[in-house]
Structure formats: structure tokens, C-alpha cells
Amino acid sequence: MSALVDMNGVSLRYGDEPVLEDVSFSLNPMDHLALLGPSGCGKSTLLSLLAGLTRPASGKITLDGELVSESGRIVVAPHARRIGMVFQDLALWPNLNAVENVRLGIPRSLEPSRKRQADRARKALDACGIGDLSLRKPAQMSAGQQQRVAIARALAIRPRLLLLDEPFTGLDLAVKSRILDEIQSFASGQQITLILVSHDPLEVRHLSRQVMVIEHHGIAEQGPFDLLTRSPKSATMRAMALHLAAP
Amino acid sequence: MTPHTVFHAALAGAAIILAGCGNPSAGSKGEVVVYTSVDDVFARPVAEQFQAETGVAVKLVPDTEETKSTGLLNRLIAEKARPVADVFWSGDPVRAAVLKANGISAPYRSPNAEGMAGGFSDLEGHWSALSARARVIIYNRNLVAEGEEPASLQAFVDPKWKGRACIANPLFGTTTMHAAALFSVWGEDRARAFFDGMKANEVAMLSSNSEVKRRVAAGDFAFGLTDTDDASVALGEGNPVGVIYPDAGGDGTLIIPSAAVLIANAPHPDLGKRFIDYLLTAEVEQTLAESEAAQMPLRPGVPVPESVKRVGDITAMKVDYAALAPLLESLSNGYLKKWVDQNMKP
Amino acid sequence: MVSCATLEQAGRWRWVGVMTIFACALVPAVPLLWVAAEGGGGGGAWLGEGFPGGLRRSLQVAVWVAGLSLVAGLPCGVLAGLYRFPFRRVLLALLVLPLLAPPFLWALGLSMLRTQLALPPHSLLGGLGGTVLAFCSGAVPLTLFASMLASQTLSRSQTQAARLAGGEMHLCLLAARHAFPMAALAATLGAVLTISDPGPGQIFGHEGAASQILISFAASYDFSLAARQSLALAGLALAVALPVAGWLAPRLSAGLLARSAFLAEPGASRAAGRLTLVLVCSVIGVTILPGLAGLCLPAFRDAPFERAWQEAARTLPNTILYGVGAGLLAMVLGVALALCAGRQPRLRLVALAGVFVLFSLPPALGALGIVRLGSEAGAAFDPVLRGRFPVVLWLGLRLFPIVSVFAMRRLGAAPVSWAQAAALHGLPLRIYFLRILAPWLLPAAAVGGLLAGLLGIADIGSMLLLHPPGHGSFPLAIFTVMANAPESLVATLCLAYFGLSALVLALAWALAGRISSFPARS
């Protein structure tokens, strides 16, 4: 099976500060990968590179064999990559209600008619359990409801790759569990490849099979979560293992 | 109302504004554009009367006091290549002379100029003089005892009145013209001595003639130098002021005639001439004499109120008006500018 | 398709945009600047002998005005933004009034009040004091509104966190710190405006550099000297403004997280509300009421309302046209400049410095330039260079910096992720702008546009030079009638002008209240 995501020798700097150095990894279709690492290590930047929102300084990124980014250049525009993303701050547009937030996220190339866009948007909201709040604006919703809208927007375009950047921050356990289950069943049912950025072992365990740790601007270790927690090499995994082992 | 609606409303508003900005159309019998430095309260009734009598629309563009904006004359100079104005009705002949010097005026000898007092109009016909003002001393009756009224400009340098007199900025308006006239009549040495004397006598320099009027009427100063129309308005408002035509027994009082100028290459030259003809009629001079402007007609025999003097009743300063413009220019860039700068607060 | 992510990325288009906008604003001044370049030094000093003294006096006034505006405007504006207080709308509307009138008129009002109160000429209402007070009547409200707007961009979570940390006092201090860059910017703008306005200095005998330029224009008719002096003034403004702009530019972009872009409602603390009321009334009492009283009191002796109504009827439609047109154009240009500058530090610095330089140029420079261009360009260009359009055009070009400052701050607070999400979902840039960004910018752009429109109407110098015959504005009519009109007529005209303007503002405010405010409030 050829890789869906192939990142090869990618580096990025902000001014003089290195963010990522010579990062290479690949992801097969329907893989669920969790990105772990300390704050500021470049996890969100890596997602941004995959989404085409940031240009790599060097290296290549291919999606399903197609070159999408290379040194200093975005070859395929973000909207043409069929990637859905739930941003860390959700990026909901505050003056639009839920259905409009999702509808505007459906490009014409996917659904040419406005009516069909709206139908698709409502279906996505229903699937996320928030169909009855479709006319509310984000400020009129709780944090959990906003997150569901953001997820609905990402899933409405039926992406081949779903990027989740710490989307569950601030949710209580019950709500988080519910949403995690829903995403898990979606991803499996729709055959979506998934990359999750998280600090929470519960989220990591629930959603991902593979884990990749970013430390010191590069990949410190990667592999199945359980294996890495049993023999952690990186500081992140050691901390995670300790957390899991605590009574 | 949604942002979408706001946006469309803004677009509609912009369209209405653009439509509203379209150039306005002329009246049915044509229009004449008159720029004027004569005070709006006096000029507008005359313009309206012309419009009522002739059916020709008068687009009047009045000026502000010179110290309040860059002024209409700059607009006329900048419009020289393709004027908008047909006529410039000036409150003094100096501005008319500036236009002539810049090639902005066209000669026109109105048939109605026949019979006007001589010596005030341009010899080459670039301006026609009409209703005049005079430079007068306005004094506060509560601060100046009877019998001690300042009858001469020399009062401004009399130590008895130190710090109690005022004039308007001599770089602007009729005060500039008065300064130029003094330099012309007295000669440079005597005029400089007078201005230096005023500085030594702490004569206050105010922003305008109307401010002189206001501050003297309010009692901030005992007396000041201003124009007859300002003085007339102060009297009309019931202020405790008196008016003196200075130096009646000496060099005389400066007479400042208004001037009607035809603009060269005007868009409506015939209507412009018609308006100038109208200005030079006895009726207009009578209107201006009877208004608070209290302007003195140059045409003999025009009825005037008792409070308004006739030009012939005043000892007029003997001035060559045509020679004042170049003198004024050199003074404004030279001695007077220095004098004003030195009078500014540190 | 142009990606929405372009709005968050560097690009050559930004520099081209910024330079183009500033070039458009400077084009009208080119004819006279050309004259300056061609003209020789003339007799005497290159800038005129009185100019250095005038500059010194101008700087004195500018520093005082900036300082007082900040001291009075910042706390008042912050409190007015954070708290409800009695008669809020009426008092805020009163604060707008000074912006309607040229500072000259305000100075005249103060001078007349001094006379009516029989105060000595060298009291606080005279000389430097009177000049500063007259300018503060406009600069303090400008700073106050800027501070108010800035404090209203604090998110709900930020205000709640501040209250939890240290109560209302802590919130006020946080809000003041948050609003300080905008307040400083507005105070600096207000100070720069004083440099190009000769009015109050003329009235109170504290003539500045602008008076020297007026003399060059209106007494000497020396365009070359006036243009050189204007350039010198612009150079000084740039020298003073650059460090201020350098300090302020990075502080204009403090982007909220999208989760935080839900703003707080004004609070209902009674004590704070009362304090706000007292402070706002004090500002009005010191900076606005004296001038207003001086101008309008004579109307109560003998008010020729009929004559005043005639002037109003003759000029009000044009006044509204000029004000609304200038405000709309200023909004378009101001938002465009803010979008081009974006979050790029160097561009924001250039934009701010350019804004200060534009404001320091005397309005007559550009207005006369347009008149000259109109004369030399030929009749085919009359729709653009003659008539009412050039009035709107020039006022919009002159005053768009106000909108750009408000818009830059507002744009800087927009979350970066909005544009990224739009780019990822292939949202066309046009739709993103119309549906998401424009509504976000609208409150700031609208307030900026309103202020620009009001200041434009008050610019009688430009109006006198550009208005087509028979289509002047109400303030211009006041100034042309003023000479030798009875005090009661001038007072009645002023009263009518302020009254009608207040009515128009009230209607606009009511209309604005119906527009769904953005972001949504709970």
C-alpha cells in the first residue's frame, strides 16, 4: 500500500529560530497518528505544513504520491488537498451561525448548488449531534458545542486526511469521551486518515494507533503507543508513561 | 440588519453620492459666477436682487476673512488656465491689482462707470471702483474720556495710550493696504518709525478687523484701527463705541473702494459684464450705503442715511491705488513680515 | 483563485498597495510641490524668517495637546468602553460635537466667552492656554473614542479573568494598558493636526508654523515658499512621528484567538458607572461647554432663526453629501491600507509614519493642487476635478488615515486562523472579505469613517477652495457670514449647525444600533 502522507527532509525556520529540522515520516491510508511533544516543539507547524498553510524551507511533501509542497513553494493549494482541519482555536467565524460556518467550508467544486451545500452542512451537524443548534452563532454555544461545529465543518468536505490540533481543550470528560467516540467511528467508517495533536493520554489512546514524538526540532521516536510507553526514549513519552502508571 | 444588507446599503449610498456629485446645471437664463471678498451679509442681497430682476442665476462664492483660510484669490490664481469665475467683486482694489498683475483680469469699461468719482478705478479698465469704506479709529466710550478721542494715527504711538490700542495683522486685508498706503504717502523712513513706535507702545496685533471691533467694544482695548463696515456693525449692535475718521486735518483718511473685476477667459463673459454693470448702478450703491456695511457711494447724488458719510465729506488720503500692489508685495515679504514676526509671542 | 491565506502572508502586493494609496493621497499636492522645487529661495531665508519661531510654538502646542488628550481621554475612554453609565448616548454624542467644527470656531467661542465673562486677556483662556484648550476640544474626544473602541476589543474571557484576579480596578488597569497604544496614536494624530491648523493660534496670539504657511499663501501669494514650508513641516512631523510609530506599530497587532473573539458587554458596576459619568461630564465641561457657550449664548439674546434656517436649507444637503462621501471614501482607503499593511511590522511602521506625515500637510496644499490640475486638465476631466466630486475626493484622501489607524488595530486583533480555515476550505477571497472580515472591521471602520466625515465637513479651507459655486457647506457658510454679521446671527447659525448635526448623528446611531453588532454578544 503506498503512503498517503510522505514528508521527506522537511525543515522550517522562523527568522533565526529553527522550528523543524530534517523531518521525515510517512503515513499510510487510514492510519491514526498522534503527534506528541512539549509546547512549542513544532507540532502545530507540522500540521500547518501538511495543510499547505506554511511553506517548507526545504524538503518535500507528497500526498497520495502527488507532490504538494517543496522548498519554498506550495505546489498544490490548501483547498485542493482534501484535508480537513480542526484548529487549536477552532477558527469558527463568529458572525455566522453553525450551518453557515459549515456551509461556507464546502467548496463549489464539491457541491455546486447552495441548497446542496446547506443540506450537506446540516447532515454534518446532525452527525456531530448538534443539528438542533444549527441557527445559533458560536458565541451562543458552549465550548463543547463549538468544537462539534468545528469538527462538522472539517468532516463535511469528506477529507482524506483529518488534522486535529488539540481540539478538545477545556472539555469535560463526559463530553470529550462522547466526541472521541464519534470521531473514532467517523474516521473508521469514512476511511479517513487522522493526525491528532494532543497532550492527553486518553485522547491519544482513544484515537490513535501510532504515536510520533517531536522534540528538539525533530522526531525523537515513533511507533505504537503502548510499545513506546513501555520503553520510552523521549522525555515526553517518559512523562506520559509516568502519568499512566500513577495510581 | 445583516452585514450583507449594510454592504448593499453602503453601495447604494455610494452610488447616490456619486450621482449627487454630478455637476449642477445652470439656470434658465444662464448663470454668472461671482467670487467676492465683500462680506457675505452685504454681497448676497445684491446678488439676489440681480437674480430677481434679470432671471440670471448668480452663483456667489464669498470669501472668509483672510486670516481664516488661504482665500479665494489663491483659488482664482490656481484656476487661471480655465477660470470658473466670471467676476471678482473685491472689497479693495489691491486684490484687483494682484489679479491684474497675474494676468487674470480682463479690461472692461462699463457704461455705468460714467459719472463715478474719479481716481479710484484702474486706468486701463481692469477694475471699476464702487462703494467705498474708510479706515477709521473705533474707540470705547467708557475707556476714552470725552475730548480725548484719538483723532490721528499718531495716537497709536502716543505713550499715553501704551498697551491700550490694537490693530489687525498688517499682513492681511485692508490693514495691509493701509500699511502700504502709509509707506507710499509718508515715505519709508517715517512709516518704519511709525510701525517701530507702535511696537514700542505695545500696540496689540489681533487676527482681524472684526476682532478689533469686538475687543474694543468689549473694553479689552481703548481703541483700534478698523474699517467703517466693522465700526457700523458695532454701532448697530448698541456697543458703547465711537468712530473717528483720522487725520482729517492732516494726511487724511484712507478710502478703500470696492472693485469689480471681469475675469479673463471667463466662461460667461457677457453675463459677467452685465453683473458689473449692475454693481455700478446707483441702486446698488444706495443698497450698500443703507446696509450695515455703510459703504460710501462713489457716485454723487446717491441718497445715503445720515450716519453714512460721503466720500467728498472726508479728507481723503491722496494715494495712487495702482502703485500700492507692488509696494504691498515687497512689504509683505520684507519689512512688514519682519514686524509681524517680531510681534509674535515668543 | 487567490487564497485567503494571502491575507496572512508577506508579499510584494502589500508594498505596492501601501505605496499606491499614499501616492494617491499625495498626488494632489504635486503641482505645488513642483512649484516649490522649481522656485528659487526668493529673498531672505529659505523657509522665511518667522518660520523657526512658528515651529517652536507649534511644537509647544502639539506636546501639550498630546499630553492632555492622553491624560483626559484615555481613562475616560476606557471607563466609557467598560461600563454603562447614565445618559451614555447623549454624553457620547456631545463629545462628537467639537469634531464638527474647525478648531478656529471653537477658539472664537472661547474668546467670546472670555469677553462675556470679562476675564483678562492673559487668563487661561488666552495665549498658549487658550490655543491648547481650543485644540483639546477635538483631540480629547478623538483620544477618548479611540480608547473606548480599544477597550471594547477585550474579550469576555479576558475581562472575566481580570475581574477574578483583582476586581474592577484590575480590569480597568488591564483595559488601560490594552487601550494605551490606540490612545497614544489618537493623541499623536490630534497633536499632528494642530501643527497644520493656524486657527486657534491666530485668535489667541500664539501663531505657529501653520500661520506662517497661511501668510505665504494668503498674504504673499508665494506658493513656492508655502510649499517649502509645508515640506519642512512634513519633515518635522516625520522626525517626531517615526519613533512614536516605531513604538506603536508592533502593538497594533495583538491577535485574539478565535475562541476569544467574543467580546464583553459593558459592565453594570454602579460605582464605576458613576465615576465614568463624573469623568465624562468633566471632560465635556472643560473642553466643550466653554467654547459652545461662547459661540451660542448670543443666540439667546436675539436669534434670527429664519435667516439661520435659510442658510441651513441652502447648505445642509451639500454638507451631508460631502461628509458622507468623504467618510465612505475614507473607509475604503483606510481599510485598504490596513489590509495591505496587515501584520507585517515594517509595513505597519511605514503606514503609521505615512499617516502622520499626511496629517501634517496643510490642507490647502492638496486643495490648490486639485484646482490647478482641474484648470490645466481640460473640460473632459471636469467630472473628476471640478464640481462636488473633488471635494469628496480630497477630503477622503486627506482623512482616510483616521480610518486606517482604527482598522489596523481591529485587523490586528482578528485571529490568524480565520483566514487559514478559509484557505483550507477554498473559500473565495471575495466571500471571505464580505462575509467574515468586513463585518469584523465594520465597527472600527464605521467609527473612523464617521470621524473622518465630521472632520472633513469642518475643513473650511479645503471647502472654500474646492466647492463648486453655489454648493458650499454649512460650516463654510458660517465662516463667510461671520465677517460683520451680528453676533446673534453667527451664534444662531452655530446653534442650528450643532443641533441639526446632533439630530443626524442620533439617527445614524439609531441605525447603527440595528445593525447586528460583531462579534456576537451574549
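The rules behind the values
- Throughout, a residue's number is its position along its own chain's written sequence, starting from 1.
- Just so you know, chain letters begin at A and ligand numbers begin at 1, following the order they were written in.
- Only residues with pLDDT of 70 or above have their local features reported here, since the model is predicted, and side-chain atom pairs are shown and tallied only from 80 upward, although totals for entire chains, interfaces and linings are computed over all residues.
- Note that water and hydrogens are dropped before the side-chain values are worked out from all heavy atoms of the structure.
- A run of H or I in DSSP becomes a helix once it reaches four residues, and a run of E becomes a strand once it reaches two; helices and strands are each numbered from the N terminus.
- Expected span, for any helix, means 1.5 Å times one less than how many residues it has.
- Note on bend: the value at a residue is the angle between axes fitted to the seven residues ending there and to the seven starting there.
- For every residue, the accessible area (1.4 Å probe, protein chains only) is compared with the maximum for its type, and the residue is labelled buried under 20%, exposed over 50%, or partly exposed between those bounds.
- Two strands pair under a simple rule: DSSP has to find at least two bridges between them.
- The criterion is simple. A nonpolar core is a set of buried Ala, Val, Leu, Ile, Met, Phe, Trp, Tyr and Cys residues joined through side-chain atoms within 4.5 Å.
- Segmentation of the chain into domains, including their bounds, is taken from an automatic or database domain assignment.
- What makes two residues a contact is simply this: any of their non-hydrogen atoms within 4.5 Å.
- Here a Phe, Tyr or Trp ring, Trp counted by its six-membered ring, pairs with any other such ring whose centre lies within 6.5 Å, and the pair is stacked when the planes are under 30 degrees apart, edge-to-face when over 60, and tilted otherwise.
- Consider the ring centre and the ring normal. A charge sits over the ring if Lys NZ or Arg CZ is within 6 Å of that centre and within 35 degrees of that normal.
- By definition, the buried area sums, over both parts, the 1.4 Å-probe accessible area that each loses when the two are put together.
- By salt bridge we mean one thing: a side-chain nitrogen of Lys or Arg within 4 Å of a carboxyl oxygen of Asp or Glu.
- Here a polar contact means two N or O atoms within 3.5 Å. Within protein one must be a hydrogen donor candidate and the other an acceptor candidate, and residues neighboring in sequence count only if both atoms are side-chain atoms.
- Polarity classes work like this: nonpolar for Ala, Val, Leu, Ile, Met, Phe, Trp, Tyr, Cys and Pro, charged for Asp, Glu, Lys and Arg, and polar for all others, with Gly in that last group.

> What should I look at first to understand helix H16 (residues 389-412) of chain C in this one?
The periodicity of an α-helix, 3.6 residues per turn, causes residues three or four positions apart to be oriented the same way. Residues and elements named next belong to chain C. The end-to-end C-alpha separation of H16 is 33 Å, in line with the 34 Å expected for 24 residues at 1.5 Å each. Its axis deflected by about 45 degrees at Leu399, H16 carries its strongest bend there, up to four residues before the proline Pro401. Extensive coverage of H16 is indicated by the burial of 22 of its 24 residues.

> Quick question: what am I supposed to make of the sheet that holds strand E6 (residues 73-74) of chain A here?
Sheets are built from strands that pair by backbone hydrogen bonding, the pairs being arranged parallel or antiparallel. All names here are of chain A. With antiparallel pairing, five strands are arranged side by side in an open sheet as E2-E1-E4-E5-E6. Two strands close off the open sheet at either side, each with one partner strand: strand E2 (17-27) and E6. As paired elements, strand E1 (residues 5-14) and E2 share seven bridges and run antiparallel to each other. Bridge pairing in E2 places Val10 opposite Val23.

> Looking at this model, I keep getting lost on the nonpolar core. Mind explaining?
The nonpolar side chains of a soluble globular protein tend to be buried with one another. Grouped together as the largest cluster of nonpolar side chains are 335 residues, with contacts concentrated most on A:Leu46, A:Trp93, B:Trp89, B:Phe156, C:Tyr432 and C:Phe498. At 15 residues, helix H7 (residues 156-195) of chain C tops the list of elements feeding residues into this core. Composition of this core by domain shows at least three residues from each of domain 1 (3-132 + 257-308) and domain 2 (133-254 + 323-343) of chain B. Ignoring sequence-local partners within four residues, the contact set of C:Phe498 consists of C:Leu97, C:Leu100, C:Ala101, C:Trp106, C:Leu292, C:Leu295 and C:Cys296. The next biggest cluster of nonpolar side chains, apart from the first, holds 35 residues, and it includes A:Leu90, A:Ala150, A:Leu180 and A:Ala187.

> I tried to follow the packing of aromatic side chains on my own but got confused; where do I start?
Where two aromatic rings form a pair, the distance of their centres and the angle of their planes describe that pair. Summed over the entire model, instances satisfying the criterion amount to 19 aromatic pairs over all chains. Between B:Phe183 and B:Phe195 the ring centres are 6.0 Å apart and the planes differ by 35 degrees, which places this aromatic pair in the tilted class. In this pair, B:Phe183 is assigned in helix H5 (residues 173-186) and B:Phe195 in helix H6 (residues 188-200), connecting sequence segments twelve residues apart. Across the pair, B:Phe195 and B:Phe183 agree in class, each one buried. Counting every residue linked through ring pairs, the aromatic cluster contains B:Phe183, B:Trp186, B:Phe194, B:Phe195, B:Tyr335 and B:Trp339. The ring of A:Trp93 has A:Arg153 sitting right over it, with the charged end atom 4.5 Å from the ring centre. A cation over a ring is seen here: C:Arg410 above C:Trp440, with NZ or CZ 4.0 Å from the ring centre.

> Looking at this structure, how should I read the interface of chain B and chain C?
Facing the 73 residues of chain B at the interface are 76 residues of chain C. Of the roughly 6,300 Å² buried between chain B and chain C on both sides combined, carbon and sulfur atoms contribute 60%. A salt bridge links B:Arg82 to C:Asp382; the shortest N-O distance between them is 2.6 Å. At the boundary of chain B and chain C, one finds eleven residue pairs in polar contact (both at pLDDT 80 or more). With ten residues, the top contributor of residues to the side of chain B that touches chain C is helix H1 (residues 3-20) of chain B. For the side of chain B that touches chain C, the class distribution of residues is 32 nonpolar, 15 polar and 26 charged.

> What exactly am I supposed to notice about the pattern of salt bridges here?
Close approach of charged atoms allows side chains of opposite charge to pair. The full count for this structure, using the stated rule, is 35 salt bridges over all chains. Among the ionic pairs, A:Lys176 bridges to A:Asp200, the shortest N-O distance being 2.7 Å. With A:Lys176 in helix H5 (residues 173-190) and A:Asp200 in the loop between strand E9 (193-197) and helix H6 (201-207), this pair connects stretches of sequence that are 24 residues apart. B:Asp122 is paired through a salt bridge with B:Lys100; the nearest N and O atoms lie 3.0 Å apart. In this pair, B:Asp122 sits in the loop between strand E4 (105-106) and strand E5 (128-140) while B:Lys100 sits in helix H4 (residues 93-101), placing the two residues 22 residues apart along the sequence. B:Asp122 gets classed as buried once you look at its relative accessible area, which sits at 7%. Salt bridges sharing partners connect three or more residues here, namely B:Asp40, B:Arg44, C:Arg307, C:Glu311 and C:Arg314.

> Please clarify how helix H4 (residues 143-156) of chain A should be interpreted in this entry.
Its 14 residues place the ends of H4(A) 20 Å apart at the C-alpha level, agreeing with the 20 Å of an ideal helix rising 1.5 Å per residue. A large share of H4(A) lies buried, amounting to twelve of its 14 residues. Those residues of H4(A) not exposed but buried are A:Gly144, A:Gln146, A:Gln147, A:Arg148, A:Val149, A:Ala150, A:Ile151, A:Ala152, A:Arg153, A:Ala154, A:Leu155 and A:Ala156. Elements that come into contact with the buried residues of H4(A) comprise strand E7 (83-86), helix H2 (98-103), helix H3 (114-127), strand E8 (161-165) and H5 of chain A together with helix H17 (416-424) of chain C.

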